[in-house]
Amino acid sequence: MLRNKFDELAAAQNLSELFRDTVENRFRIPAFQREYAWKEGQIEDLFNDFRTFYAEADSGDLYLMGQIILADAEHPLYRHELVDGQQRLTSLTLFLFAFRKFFRKHSGEGRLLHKDPNAKAVIRQIGNFLSFTEDNQEHPRILVQLGAQATYRAFLFEDDVPRDTENSAQNIWKNAKSLETKLALEFDSDPRAALDFYRFVIDRVALIKVKLHQNDEAIDFFEKMNDRGLRLSATD
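Enquirer: Is there a simple way to think about the packing of aromatic side chains in this case?
Expert: Inspection of the entire model under this criterion finds 18 aromatic pairs. Judged by centre distance (6.4 Å) and plane angle (45°), the rings of phenylalanine 19 and phenylalanine 129 are tilted. Taken as a pair, phenylalanine 19 in the loop between helix H2 (15–18) and strand E2 (27–28) and phenylalanine 129 in helix H5 (residues 117–130) lie far apart in primary sequence, 110 residues in all. Its guanidinium or amino end placed over the ring of phenylalanine 197, arginine 51 lies 5.4 Å from that ring's centre, counting from NZ or CZ.

Written out as structure tokens, the structure is:
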């Protein structure tokens, strides 16, 4: 069973746990982090990996994406700084953006999921995964770097998305749009199957959460870690 597999990896959390609406699950990307660098090919590879895993995995198998490394944050809203794992965690929220847009489209008047309570529940759940409310204001669960915040927040709050020239913002825009296209191609003909795929992703994709407590430890870890084959330089 899934829980037994998690017991063997004590620090591993699936996406439902990682994005659950608690103070512990608020992440800020620190200034010393490099930009969000994943390209469309990488996000499409990850989508294809998930689809293959969905089709072939045995009951209880996990898709383990590696680790995220957290340090204590000195911030009034965010408990942790994301020292390593920005590429993975940001990319996973782009999946959630795309899933939410897909289910909103197919829940419209006259569409197949219009009166489906499961689709409405999933849309609400994704909203809770992606943001939290503090002092009557809604905030992103991941506070991305300054140059990408406008683009990220536009996807998060379903506003018109600006075409920013900053590299992180461009990569977020292109990858989010790529995932929207992939979901449409795969599931427009059978949106209920997309509900099953979504549940599979949030239950069976997992990361190992590592917590540090000293800033010097955090910076040392960051300098040594790589994200999915993207090599760090000394200036990263």
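Picking up after the structure, the text goes on.
Enquirer: Hey, could you run me through H5 in this one?
Expert: In an α-helix, one full turn covers 3.6 residues, which means residues spaced three or four apart are oriented alike. With 14 residues, H5 extends 20 Å from end C-alpha to end C-alpha; this agrees with the ideal 20 Å at 1.5 Å per step. Considered for burial, the residues of H5 that qualify are Ala119, Val122, Ile123, Ile126, Gly127, Phe129 and Leu130. Down the axis of H5, the buried set is contained in an arc of 160°. They therefore lie on one face. Every exposed residue of H5 that faces more than 90 degrees away from the buried side is listed here: Pro117 and Arg124. Looking at the buried side of H5, the elements it contacts are H2, helix H4 (86–106), strand E5 (131–134), strand E6 (137–140), helix H6 (149–156) and helix H8 (191–204). If you check the start of H5, you find a side-chain oxygen 2.8 Å away from the backbone N of asparagine 118, and it comes from aspartate 116.

Enquirer: It is not clear to me how the pairing of E5 should be interpreted in this structure. Could you clarify?
Expert: The two faces of the sheet receive side chains in turn, since in a regular strand these alternate between them. Pairing of E5 with E6, which is carried by 4 bridges, proceeds in the antiparallel orientation. Bridging from a neighbouring strand, glutamate 134 pairs with glutamine 137 of E6. Once E5 ends, the chain turns through 2 residues before running back antiparallel as E6, passing aspartate 135 with a positive phi of about 55°.

Enquirer: Explain the side chain of aspartate 84 here, please?
Expert: Along the chain, aspartate 84 falls in strand E4 (residues 80–84). Polar side-chain contacts of aspartate 84 include one of 3.1 Å to the side chain of arginine 88.

Enquirer: Just to check I follow, could you spell out the packing of H4 against H5 for this structure?
Expert: The contact between H4 and H5 brings their axes to 10 Å, and the two run at 155°. Viewed along their axes, H4 and H5 adopt a mutual orientation that is roughly antiparallel. You can see that H4 and H5 cross each other, and the crossing is left-handed. Between H4, through Thr93, Leu96, Phe97, Phe99, Arg100, Phe103 and Arg104, and H5, the contact on the second element is made entirely by Val122, Ile123, Ile126, Gly127, Phe129 and Leu130.

Enquirer: I keep staring at the sheet that holds strand E8 (residues 205–212) and nothing clicks. Help me out?
Expert: Sheet strands pair via backbone hydrogen bonds, and the direction of the pair is either parallel or antiparallel. The 6 strands lie next to each other as E1-E8-E3-E4-E2-E7, forming an open sheet whose pairing is mixed. Of all strands in the sheet, those bounded by a partner on one side alone are strand E1 (12–14) and strand E7 (142–143). Pairing of E2 with E4, which is carried by 2 bridges, proceeds in the parallel orientation. Residue arginine 28 lies in a different strand from E4, and its bridge partner there is glutamate 81. Contacts from helix H3 (residues 40–56) reach strand E3 (63–72) and E8, with the element oriented near 125° to E3.

Enquirer: For this particular structure, what's the right way to read the pattern of salt bridges?
Expert: A side chain with one charge may pair with a side chain of the opposite charge, provided their charged atoms come close. Inspection of the entire model under this criterion finds 14 salt bridges. Residue arginine 104 pairs with glutamate 158 through a salt bridge whose shortest N-O separation is 2.7 Å. One end of the pair, arginine 104, is in helix H4; the other, glutamate 158, is in the loop between H6 and helix H7 (167–187), and 54 residues separate them in sequence. The class for arginine 104 is partly exposed, based on a relative accessible area of 41%. The partner of lysine 177 in a salt bridge is glutamate 180, and the shortest N-O contact between them spans 3.7 Å. With lysine 177 and glutamate 180 both in helix H7 and 3 residues apart, the pair spans about one turn of that helix.

Basis of the calculations
- Every chain is numbered independently, its residues counted from 1 as its sequence is written.
- The predicted origin of the model limits local features to residues at a pLDDT of at least 70 and limits the giving and counting of side-chain atom pairs to 80 or more, whereas totals for whole chains, interfaces and linings rest on all residues.
- Note: side-chain values were computed over all heavy atoms of the structure, leaving out hydrogens and water.
- Two rings from Phe, Tyr or Trp (for Trp, the six-membered ring) form a pair when their centres are within 6.5 Å of each other. A pair whose planes differ by under 30 degrees is stacked, one over 60 is edge-to-face, and the rest are tilted.
- Helix and strand definitions follow DSSP, with helices as H or I runs of at least four residues and strands as E runs of at least two, each counted in order from the N terminus.
- Should the NZ of a Lys or the CZ of an Arg lie within 6 Å of a ring centre and within 35 degrees of the ring normal, that charge is described as sitting over the ring.
- Here a helix's expected span is defined as the number of its residues, less one, multiplied by 1.5 Å.
- The rule is simple: take the accessible area with a 1.4 Å probe, protein chains only, and divide by the maximum for that residue type; under 20% is buried, over 50% is exposed, in between is partly exposed.
- Our arc is simply the arc of the directions from the helix axis toward the C-beta atoms.
- What makes two residues a contact is simply this: any of their non-hydrogen atoms within 4.5 Å.
- Here a polar contact is recorded for every N or O atom pair within 3.5 Å, except that within protein the pair must consist of a potential hydrogen donor and a potential acceptor, and residues adjacent in sequence are included only if both atoms are side-chain atoms.
- Think of it this way: DSSP has to see at least two bridges between two strands before they count as a pair.
- Only the stretch in contact is used when a helix axis is fitted, and all axes are lines through C-alpha atoms; the angle between N-to-C directions ranges over 0 to 180 degrees.
- When an angle is under 35 degrees it counts as roughly parallel; over 145 it counts as roughly antiparallel; between 65 and 115 it counts as roughly perpendicular; any other value is oblique.
- Crossing handedness is defined as follows: a turn of the near helix away from the far one that is anticlockwise and smaller than a right angle gives a left-handed crossing, while the clockwise case is right-handed.
- Think of a salt bridge as a Lys or Arg side-chain nitrogen and an Asp or Glu carboxyl oxygen that are within 4 Å of each other.

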